[in-house]
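Residue strings, one per chain:
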Amino acid sequence: MSKLMKKVLSVVLLGSMVLSIASCAKKGVRSITKDQFEKAIMDAHVMADKNDFFTYTGMGDGDTECVSFGNDIRKKDDVYYNCVVAYLWTTDSEEDAKDMFDEVYASYYEASGVFDGKETEEFKDEYCYFTLDGTINDYPMYGYCYGGWYWAGNSFIVVYTTEDNDDHRGRIDSILEQLGFPTPNSGK
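The rules we used
- Residues numbered from 1 in each chain as written.
- Predicted model: local features only at pLDDT ≥ 70, side-chain atom pairs only at ≥ 80, totals over all residues.
- Heavy atoms only, no water.
- Helix = DSSP H or I, 4+ residues; strand = E, 2+ residues; numbered from the N terminus.
- Buried < 20%, exposed > 50% of the residue type's maximum accessible area, 1.4 Å probe, protein only.
- Core = buried A, V, L, I, M, F, W, Y, C linked by side-chain atoms within 4.5 Å.
- Contact = heavy atoms within 4.5 Å.
- Expected span 1.5 Å × (residues − 1).
- Polar contact = N/O pair within 3.5 Å; in protein donor to acceptor, adjacent residues only side chain to side chain.
- Salt bridge = Lys/Arg side-chain N within 4 Å of Asp/Glu carboxyl O.
- Phe/Tyr/Trp six-rings, centres within 6.5 Å; stacked < 30°, edge-to-face > 60°.
- Lys NZ or Arg CZ within 6 Å of the ring centre and 35° of its normal.
- Arc of directions from axis to C-beta.
- Axes fitted to C-alpha atoms, helices over the stretch in contact; angles between N-to-C directions.
- Parallel < 35°, antiparallel > 145°, perpendicular 65-115°, else oblique.
- Left-handed = near helix turned anticlockwise from the far one by under 90°.
- Nonpolar A, V, L, I, M, F, W, Y, C, P; charged D, E, K, R; others polar.

A look at unusual backbone geometry
- The phi dihedral of His 45 is positive, around 55°, even though this residue is not glycine.
- Of note in the backbone geometry, Met 47 takes a positive phi value of approximately 65° without being a glycine.
- Tracing the backbone through its elements, the reader meets Met 47 in the loop between α2 (34–43) and β1 (53–57).
- Judged by its relative accessible area of 56%, Met 47 falls in the exposed class.

As structure tokens, then:
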């Protein structure tokens, strides 16, 4: 084998090893921007359109902005709803974003018997999250739910579906994978 061929083969093998290591790197929850959020959803190929995003500002105390995404509208019990839903709240303080996460977490877990299914959670100083795949039997929503709730820095992110089928679970997984966040099926 020629020296040139050995060098080319070495570069190819080294490149594939680096890419393999990079793809196995642990993903984690981190603070994200509005642009990163919208790009992840658009790149997830979940039938997203720029018209599916709405931004609200000045909610609550301090500077809070919410970017909401929803598509695939359905009707249940004479109420229209989005089957694929994602929210990004950004605040002017990490404490406010963490308080939002804690409040939602408490609403799902304080009352026993509210959730039946698979759940994962992780609480660290720099981030927290929980994921659900099952049935919620009480407020704030009821019925099937598949998705995750994430806090890091000044961001609180929610991505879920209420449709119990592989297509909708796949859309949620695709969004979360684009964000680099754990999915309900990936565990910790």
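Structure's up, so let's keep going.
A look at the nonpolar core
- Formed by 26 residues in total, the largest nonpolar core has its most connected members in Phe 37, Ile 41, Ile 157, Val 159, Ile 175, Leu 179 and Phe 181.
- When residues of this core are traced back to their parent elements, those giving at least two are α2, β2 (64–76), β3 (79–91), β5 (127–138), β6 (141–152), β7 (155–161) and α4 (166–179).
- Sequence-distant contacts of Ile 157, that is, excluding residues within four places in its chain, are made with Ile 32, Phe 37, Tyr 87, Leu 88, Gly 148, Trp 149, Tyr 150, Leu 179 and Phe 181.
- Phe 101, Phe 130, Trp 151 and Tyr 160 belong to the second-largest nonpolar core, a separate cluster that totals 19 residues.

Looking at α4
- Look at α4: 20 Å from first C-alpha to last across 14 residues, which is about the 20 Å you get at 1.5 Å a residue.
- Three or more residues of α4 are buried, namely His 168, Arg 169, Arg 171, Ile 172, Asp 173, Ser 174, Ile 175, Leu 176 and Leu 179.
- Looking at where α4 begins, the residue whose side-chain oxygen comes 3.2 Å from the main-chain nitrogen of Asp 167 is Asn 165.
- Directly after α4, the chain includes Gly 180, whose backbone phi takes a positive value near 85°.

Concerning the pattern of salt bridges
- All told, the structure shown has seven salt bridges when counted by the stated rule.
- Residues Asp 164 and Arg 169 are paired through a salt bridge, measuring 2.6 Å at the closest nitrogen-oxygen approach.
- Linked through salt bridges whose partners overlap, the residues forming this network are Asp 164, Asp 166 and Arg 169.

Thoughts on the side chain of Glu 38
- Looking at the element boundaries, Glu 38 is found in helix α2.
- Here Glu 38 falls in the buried class, since its relative accessible area comes to 10%.
- With residues up to four places along the chain from it excluded, the contact list for Glu 38 reads Lys 50, Phe 53 and Val 67.

Here we look at the packing of aromatic side chains
- Under the criterion given, the structure shown has 14 aromatic pairs.
- With centroids separated by 6.5 Å and ring planes inclined at 10°, the aromatic side chains of Tyr 127 and Tyr 129 adopt a geometry described as stacked. Summarising the burial analysis for this pair, Tyr 127 and Tyr 129 share the class buried.
- Measuring from ring centre to ring centre gives 5.7 Å for Tyr 129 and Tyr 150, while their planes differ by 25°; the resulting arrangement is stacked. Residue Tyr 129 is found in strand β5, and its partner Tyr 150 is found in strand β6; the two are separated by 21 residues along the sequence. With respect to class, Tyr 129 is no different from Tyr 150; both count as buried.
- By way of ring pairs, the aromatic residues Tyr 87, Trp 89, Phe 101, Tyr 105, Phe 123, Phe 130, Trp 149, Phe 156 and Tyr 160 are connected into one cluster.
- Seen from the ring of Phe 53, Lys 50 lies directly overhead, with NZ or CZ sitting 5.9 Å from the centre.

Observations regarding α2
- For α2, every residue scored as buried is listed here: Phe 37, Glu 38, Ala 40 and Ile 41. For α2, the angular spread of buried residues about the axis comes to 160°, placing them on one side. Counted as exposed and oriented over 90 degrees from the buried face of α2: Asp 35 and Lys 39.

Some remarks on the packing of α2 against α4
- Between α2 and α4, whose axes approach to 8 Å, the crossing angle comes to 135°. Regarding the angle of α2 to α4, the classification is oblique. Crossing hand, α2 versus α4: right-handed. For the pair α2 and α4, the contacting residues are Gln 36, Phe 37, Ala 40, Ile 41 and Asp 43 in the first and Ile 175, Gln 178 and Leu 179 in the second.
- Of the residues contributing to the contact of α2 with α4, the split by class is five nonpolar, two polar and one charged.

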